[in-house]
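Here are the chains, one letter per residue:
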Amino acid sequence: MAEDPVIVVGAGPAGTRAAARLTEAGMRPVVLDEGDRSGGQIYRRQPAHFTRPAAALYGTEAGKAVALHGAFEALRLRIDYRPDTLAWGLTDGVLLTLRGSRVEAMPYRALILSPGATERIMPVPGWTLPGVFSLGGAQIALKAQACAIGTRPVFVGTGPLLYLVAWQYAKAGVRVRAVLDTSHLGRRVAALPSLLARPGMLAQGLRYTAWLLRHGIAIRTGVTPLTIEGENRVAGIIVRDRRGRELHFDCDAVGQGYGLRSETQLADLAKCRFAFDPLARQWLPEVDADGRTSTPGVYLAGDGAMVRGADGAEMAGRLASCAALRDLGENVQEAEMATLRSDLAPMSRFRRGLEEAFPWPGHLAACLPDETIVCRCEAITAGELRRAALDLDAPEVNRAKAFSRVGMGRCQGRMCGLAAAEIVAAARKVPIEAVGRLRGQAPVKPLPLTARMDA
Ligand SMILES: Cc1cc2nc3c(=O)[nH]c(=O)nc-3n(C[C@H](O)[C@H](O)[C@H](O)COP(=O)(O)OP(=O)(O)OC[C@H]3O[C@@H](n4cnc5c(N)ncnc54)[C@H](O)[C@@H]3O)c2cc1C
């Protein structure tokens with residue numbers, strides 16, 4: 001009988017390098033991705049008939065994008081590649097997948113999860129109006145479809161992606177109205193020692209900011225978003241600046257995002273142990289230096305374990321495969337793993353710097369007006385959550401979910417989970433870690449009613 005395969009979930013930078021290392025050991029891993037092409041988030045490929053050159057799509061990262069795409073193409077005959085395939089459930093050493101309408105139960109010898117990250121979203125009155133996008137959504141529109149979210153967008157939130165997306169839009173010829181950052185400049189200065197772990201990345205971020213300023217694009221730091229205005233569509237945004245003044249910006253679209261959160265639902269279904277990360281104010285799966293989780297045979301790599309960016313994801317993918325191979329009894333040189341671990345160290349320091357410089361503004365959730373929608377899928381407001389936390393006595397978010405339906409919809413809490421936890425914690429006046437995290441449930445993403453398993 002053939003042995004169960006090693007399965008890699010995600011064909012981004014981490015998954016590609018993980019798969020490559022497995023093939024070097026003579027294995028033929030299954031690599032599956034819900035996307036139709038490899039590349040992941042940062043190196044997302046344009047549709048087949050689009051012809052924009054790599055430099056236009058990936059800017060300074062074009063060389064790395066071309067190298068990663070080339071590496072994946074070179075693997076095609078040595079892996080069992082399954083594009084358009086969603087990993088939606090996981091139980092007792094079996095991964096459940098969906099392609100088209102076909103459900104498959106796939107036992108595995110080892111499972112390397114590299115599902116990347118999604119954005120941290122902070123609700124604000126008006127954020128459900130047409131014309132409001134996540135920064136990632138705005139970027140995908142530009143990268144994959146060559147479309148802009150509006151002709152006069154404002155970008156609001158915090159983190160390096162805020163400046164990068166504004167720069168990408170402005171470079172593409174869009175009249176960016178303003179970049180509104182909730183974090184204070186002083187925090188960036190304080191975070192410099194950690195940020196200097198990757199001087200090249202730091203310099204690149206500064207170049208984007210300088211470019212935006214040189215081109216007359218307003219940048220405000222230390223702002224508090226108050227409301228996104230509009231009747232049937234976005235018409236403007238009001239923020240409070242750090243001196244307490246209200247500022248109004250006309251715009252026809254808003255891109256918002258507050259850094260990234262690891263995509264951890266499959267790790268949750270694999271029963272991996274989680275620990276609270278005070279820096280990110282978030283629960284993350286526990287991994288050792290090589291990506292091993294507390295569940296034997298399950299490994300995490302890339303942003304899905306810890307947000308360390310694309311270069312870090314490539315290294316972590318290779319390292320997780322080394323760990324899996326070693327645990328399966330293959331000979332892996334310690335020197336290779338030691339080099340990867342030490343190359344990852346500055347990535348971890350830099351990640352710490354980013355969290356310090358651009359913190360998740362959890363306090364904003366605590367002050368949201370009662371009528372603000374927090375969970376878009378189920379239309380649950382901040383007030384309903386507060387009632388669940390106080391009147392119905394829900395001490396943690398899963399109980400608040402049962403009472404209010406927050407996080408029960410299509411996104412399964414990926415978008416609203418962090419803000420919901422902040423609201424419950426603030427209502428009950430307890431530290432954020434005391435209210436726990438929304439537990440992952442299968443299916444992690446919606447399945448069609450036609451989904452069926454072959455007999
Ligand atoms: C919205 C967004 C925009 C970003 N933009 C930039 C940028 O412009 N510049 C930059 O330097 N960094 C950017 N980053 C960060 C950068 O993309 C990551 O650091 C890097 O791509 C991490 O690589 P990864 O392989 O861990 O994950 P990813 O590149 O995210 O790849 C994960 C892959 O897993 C697949 N996947 C996820 N869940 C499942 C599932 N359940 N079943 C099947 N497949 C699944 C996804 O389709 C994806 O292809 C961005 C991140 C996000 C979330």
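None of the values given here were measured: they were computed from a predicted structure.

Quick notes on the rules
- All residue numbers refer to positions counted from 1 along the written sequence of the respective chain.
- Selection of residues for local features in this predicted model requires a pLDDT of at least 70, selection of side-chain atom pairs for listing and counting requires 80 or more, and totals for whole chains, interfaces and linings are taken over all residues.
- The side-chain figures draw on all heavy atoms in the structure; neither hydrogens nor water molecules are used.
- Helical segments are the DSSP runs of H or I of at least four residues, strand segments are the runs of E of at least two, and each set is numbered from the N terminus.
- Nonpolar side chains (Val, Leu, Ile, Met, Phe, Trp, Tyr) are joined into patches within 5 Å and like charges within 9 Å, using only residues with over 30% relative accessible area and no salt bridge.
- Note on areas: Shrake-Rupley, 1.4 Å probe, and residue coverage restricted to the protein chains presented here.
- We define a salt bridge as a contact between a side-chain nitrogen of Lys or Arg and a carboxyl oxygen of Asp or Glu at a distance within 4 Å.
- To define a nonpolar core, start from buried Ala, Val, Leu, Ile, Met, Phe, Trp, Tyr and Cys residues and group those joined through side-chain atoms within 4.5 Å.
- Under the scheme applied here, a residue whose accessible area is under 20% of the maximum for its type counts as buried, over 50% as exposed, and between as partly exposed, the area being computed with a 1.4 Å probe on protein chains only.
- Contact between two residues is taken to exist if any of their heavy atoms lie within 4.5 Å; hydrogens are not considered.
- Using a grid of 1 Å spacing that covers the protein atoms alone, one calls a set of points a cavity when a 1.4 Å probe fits there but cannot get out, and a pocket when the set is open and has protein on both sides within 12 Å along at least five of seven lines; lining residues are those with an atom within 4 Å of a point.
- Grid points are joined across faces, edges and corners, and a volume is the space filled by probe spheres set on the points.
- Only the contacting stretch of a helix is used when fitting its axis, a line to C-alpha atoms as for every element, and angles between N-to-C directions run 0 to 180 degrees.
- Throughout this description, any angle smaller than 35 degrees is read as roughly parallel, any larger than 145 degrees as roughly antiparallel, any in the 65 to 115 degree range as roughly perpendicular, and the remainder as oblique.
- Handedness of a crossing follows from how the near helix is turned relative to the far one, being left-handed for an anticlockwise turn of less than a right angle and right-handed for a clockwise one.
- Charged residues are taken to be Asp, Glu, Lys and Arg, nonpolar residues to be Ala, Val, Leu, Ile, Met, Phe, Trp, Tyr, Cys and Pro, and polar residues to be all remaining types, Gly included.
- The cutoff for a nearby residue is simple: one of its non-hydrogen atoms must lie within 4 Å of the molecule or strand.
- Throughout this description, a polar contact denotes any pair of N or O atoms lying within 3.5 Å of each other; where both atoms belong to protein, one of them has to be capable of donating a hydrogen while the other can accept it, and for residues adjacent in sequence the pair is counted only when both atoms sit in side chains.
- The rule for pairing is simple: two strands pair if DSSP sees at least two bridges between them.
- Under the pairing criterion, centres of Phe, Tyr and Trp rings, with the six-membered ring standing for Trp, must be within 6.5 Å; the plane angle then separates stacked pairs below 30 degrees from edge-to-face pairs above 60, leaving the rest tilted.
- The criterion for a charge sitting over a ring is simple: Lys NZ or Arg CZ within 6 Å of the ring centre, and within 35 degrees of the ring normal.
- Put simply, a disulfide is two cysteine sulfurs that come within 2.5 Å.

(A) Broad picture of unusual backbone geometry. Cis geometry marks the peptide bond from Ala442 to Pro443, where omega comes out at -5 degrees. Structurally, Pro443 can be placed in the loop between α15 (417–428) and β23 (452–453). Notably, Asp84 is not glycine yet its phi reads approximately 55 degrees, a positive angle. The backbone of Ala146 shows a phi angle near 60 degrees, a positive value even though the residue is not glycine. Its place among the elements puts Ala146 in the loop between α4 (135–145) and β10 (153–158).

(B) Main features of a nonpolar patch on the surface. Judged by side-chain polarity, Val189, Leu192 and Leu196 come together as a nonpolar surface patch covering roughly 260 Å² of accessible area. Tracing the sequence through the fold places Leu196 in the loop between α7 (192–195) and α8 (199–214).

(C) Fine view of the nonpolar core. Within the largest apolar cluster, 47 residues are counted, with the highest numbers of intra-cluster contacts made by Leu180, Ile228, Ile237, Phe249, Val374 and Leu385. Here this core takes eight residues from α15, the largest share from any one element. In this structure Val374 touches Pro123, Trp127, Leu368, Ile380, Thr381, Ala382, Leu385, Cys416, Ala419, Ala420 and Ile423, once residues within four positions along its chain are discounted.

(D) Structural detail: the layout of surface pockets. There is about 280 Å³ of room inside the second largest pocket. What lines the second largest pocket is Cys375, Arg376, Cys377, Arg410, Cys411, Arg414, Met415, Cys416, Lys445 and Pro446.

(E) Representation of the packing of helix α10 (residues 309–327) against helix α11 (residues 334–357) within the structure. Where α10 meets α11, the axes come as close as 10 Å, and the angle between the chain directions of the two elements is 150 degrees. Accordingly, the angle class assigned to the pair α10 and α11 is roughly antiparallel. Seen along the crossing, α10 lies across α11 with a hand that is left-handed. Facing Asp311, Gly312, Met315, Ala316, Arg318, Leu319, Cys322, Ala323 and Arg326 of α10, the residues of α11 in contact are Glu334, Glu336, Met337, Leu340, Arg341, Asp343, Leu344 and Met347. Grouping the amino acids of the contact of α10 with α11 by side-chain chemistry returns nine nonpolar, one polar and seven charged.

(F) Looking closely at the site of the ligand. Taken together, 31 residues lie around the ligand, and Ala14, Asp33, Ala87, Gln139 and Asp303 are the ones closest in. One of the backbone nitrogen or oxygen atoms of Glu34 is found 3.0 Å away from a nitrogen atom of the ligand. A total of 980 Å² of accessible area belongs to the ligand in isolation, and the protein chains cover 89% of it. Partitioned by chemical class, the residues of the shell around the ligand number 15 nonpolar, eleven polar and five charged.

(G) View of the sheet that holds strand β12 (residues 218–220). Strand order in this open sheet of five strands is β9-β16-β10-β11-β12, and the pairing throughout is parallel. A single partner strand is all that each edge strand has here, and the edge strands are β9 (132–134) and β12. The sheet shows a mean angle of 15 degrees between the axes of neighbouring strands, taken without regard to direction. The pairing of strand β11 (residues 178–181) with β12 spans three bridges and is classified as parallel. When the sheet's bridge partners are listed, Val179 is paired in β12 with Ile219. Strands β9, β10 and β16 (253–258) of the sheet are contacted by α4, whose axis makes an angle of about 90 degrees with β9. Seen against the sheet, helix α5 (residues 160–171) touches β10, β11 and β12 and runs at an angle of roughly 165 degrees to β10.

(H) Highlighting the packing of aromatic side chains. Within this structure, the stated rule accounts for six aromatic pairs. On the numbers, 6.3 Å between centres and 85 degrees between planes, the contact of Tyr258 with Trp360 is edge-to-face. Note that Tyr258 is positioned in strand β16 and Trp360 in the loop between α11 and α12 (362–366), a separation of 102 residues in sequence. Aromatic pair Phe276 and Trp283: ring centres 5.6 Å apart, planes at 65 degrees, arrangement edge-to-face. Residue classification places Phe276 among the partly exposed residues on the basis of a relative accessible area of 21%. Take Trp283: its relative accessible area is 25%, and that puts it in the partly exposed class. Sitting over the ring of Phe274, Arg437 keeps its end group 3.7 Å from the ring centre.

(I) Expanded view of the state of the cysteines. Counted by the stated rule, this structure contains zero disulfides. The thiol of Cys367 is not disulfide-bonded; the next cysteine sulfur, from Cys416, is found 19 Å away. By relative accessible area, which is 61% here, Cys367 ends up exposed. Cys416 provides the cysteine sulfur closest to Cys375, a residue in no disulfide bond, and the two sulfurs are 4.2 Å apart.

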